[in-house]
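Working through the structure, step by step
The primary structure of each chain is shown beneath.
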Amino acid sequence: MVLHGGSSRGDGSDPRAIIHRLPPLRYLARARLFGMSSPLVDAGVLIAAPQSPGEWDPTKIDAFLDHLLATHEIDRDRIYVTGPSMGGCGTWRYAAMHPERLAAALPICGACPQAGELAAGLRTLPVRAFHAFDDEIVPNYMSATWVSAIAALRGAPAGNPMLSYPPGSDSTAVFDGGQVVWRPGTGASADEALTLTEFARGGHAVFIDVYAEDGTWRWLFAQRRGARAQ
């Protein structure tokens, strides 16, 4: 499932409001139209992109997933959720409340910080989070609060990973052996189950770059429900 951002709110009557603003839909349509190879085509994905009139409600997302499972042939061990901004917040919250239904979550510049004990639901779910350091609409600390809370649940010392971010670089914080370590680049291997990739530039539109990277999809589609992080 791809959850849209706040600028695409609506009642579902105008699909163009979503198609024009969600790159995965365009990438898949273009690849199929021109017979191009892409991770989306190669994986045989079904992209479900619901539309919400307001903030994403995890209960309604769950009901929508029930509808998809009842009406389509879907591999229940390969269900993923992603989205930018408001959709990134919806991704965090839905994944935290219903991790048992998902294989992985991929929130981008999620527009809400972790609060209370919500992150507890993400103790074992594979998560790749993304943000841009120069995002002036949704500050990067919001993604960092989620990653730091999840990392602590997985055995890392508590703390904000952005405090050790290498300024001016495209870097990825990886949970590794009880700590979060930054390394250069924006990639992650399939067995890395908790990462935060920080782009030096890209602003709030960084999701365009994230979705354009084949490596983003290769990581996501390599995840399977039941193969949880430790």
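Coordinates for the structure precede this section.
The notes below deal with the structure included here. Quantities reported herein were computed from a predicted structural model and do not represent experimental measurements. (Residues numbered from 1 in each chain as written. Predicted model: local features only at pLDDT ≥ 70, side-chain atom pairs only at ≥ 80, totals over all residues. Heavy atoms only, no water.)

Before going further, it helps to examine the overall build of the protein chain. What the protein chain contains, in helices and strands, is eight helices and six strands. Of the regular secondary structure in the protein chain, the N- to C-terminal order runs α-α-α-α-β-α-β-β-α-β-β-β-α-α. For the protein chain, the C-alpha radius of gyration of 16 Å lies close to 17 Å, the compact-globule estimate for 230 residues. With respect to the three principal axes, the spread of C-alpha positions in the protein chain is 45 × 35 × 35 Å. A total of about 10,400 Å² of accessible surface is found on the protein chain, and carbon and sulfur atoms cover 54% of it. For the protein chain, the centre of its 20 positive side-chain charges and the centre of its 23 negative side-chain charges are spaced 3 Å apart. (Helix = DSSP H or I, 4+ residues; strand = E, 2+ residues; numbered from the N terminus. Rg over C-alpha atoms; globule rule 2.2 N^0.38 Å. Areas by Shrake-Rupley, 256 points an atom, 1.4 Å probe, with all protein chains shown as cover. Lys, Arg positive; Asp, Glu negative; His and termini not counted. Charge placed at Lys NZ, Arg CZ, Asp CG, Glu CD.)

Residues M1, W92 and L122 are the most contacted members of the largest nonpolar core, which totals 38 residues. Contributing elements (two or more residues each) for this core: α4 (58-71), α5 (86-97), β3 (127-132), α6 (141-153), β4 (171-176) and β6 (194-199). Among the elements that make up this core, the one with the highest residue count is α5 (six residues). (Core = buried A, V, L, I, M, F, W, Y, C linked by side-chain atoms within 4.5 Å. Buried < 20%, exposed > 50% of the residue type's maximum accessible area, 1.4 Å probe, protein only.)

In this structure the tally under the stated criterion is five salt bridges. The shortest N-O distance in the salt bridge between R9 and E55 comes to 3.5 Å. Of this pair, R9 sits in the segment before α1 (16-19) while E55 sits in the loop between α3 (39-42) and α4, placing them 46 residues apart in sequence. Under the relative-accessibility criterion, R9 is labelled partly exposed at 42%. On the basis of relative accessibility, which here comes to 52%, the residue E55 falls in the exposed class. Measuring nitrogen to oxygen at the nearest pair gives 3.0 Å for the salt bridge that ties R225 to D77. Here D77 lies in the loop between α4 and β1 (80-84) and R225 lies in the segment after α8 (214-222), a separation of 148 residues in the sequence. (Salt bridge = Lys/Arg side-chain N within 4 Å of Asp/Glu carboxyl O.)

This part takes up unusual backbone geometry. One non-glycine residue, S85, adopts positive backbone phi at about 60 degrees. Of note in the backbone geometry, C109 takes a positive phi value of approximately 40 degrees without being a glycine.

Let us look at the packing of aromatic side chains. All chains considered together, the criterion is met by six aromatic pairs. Each ring, one from Y80 and one from F221, has its centre 5.8 Å from the other, and the planes form 55 degrees; the classification is tilted. Here F221 lies in helix α8 and Y80 lies in strand β1, a separation of 141 residues in the sequence. The same class applies to Y80 and to F221, which are both buried. Taken together, a centroid distance of 4.8 Å and an interplanar angle of 5 degrees make the contact between W92 and W146 stacked. Taken together, the positions of W92 in helix α5 and W146 in helix α6 put the pair 54 residues apart, joining distant regions of the chain. Taken as a pair, W92 and W146 share a single burial class, namely buried. In this structure an aromatic cluster arises from ring pairing among Y80, Y211, W217 and F221. (Phe/Tyr/Trp six-rings, centres within 6.5 Å; stacked < 30°, edge-to-face > 60°.)

Turning to the pairing of β4, a few remarks are in order. Counting buried residues in β4 gives five out of six residues, a clear majority hidden from the surface. With six bridges connecting them, β4 and strand β5 (residues 179-184) associate as antiparallel partners. Looking at the pairing, S171 lines up with P184 of β5. Counted along the chain from β4 to the antiparallel partner β5, the turn is two residues long, and its residue G177 has a positive phi close to 60 degrees. Note: β4 against β6, four bridges, orientation antiparallel. Within β6, the position partnered with T172 by the bridge is T197. (Pairing = 2+ DSSP bridges.)

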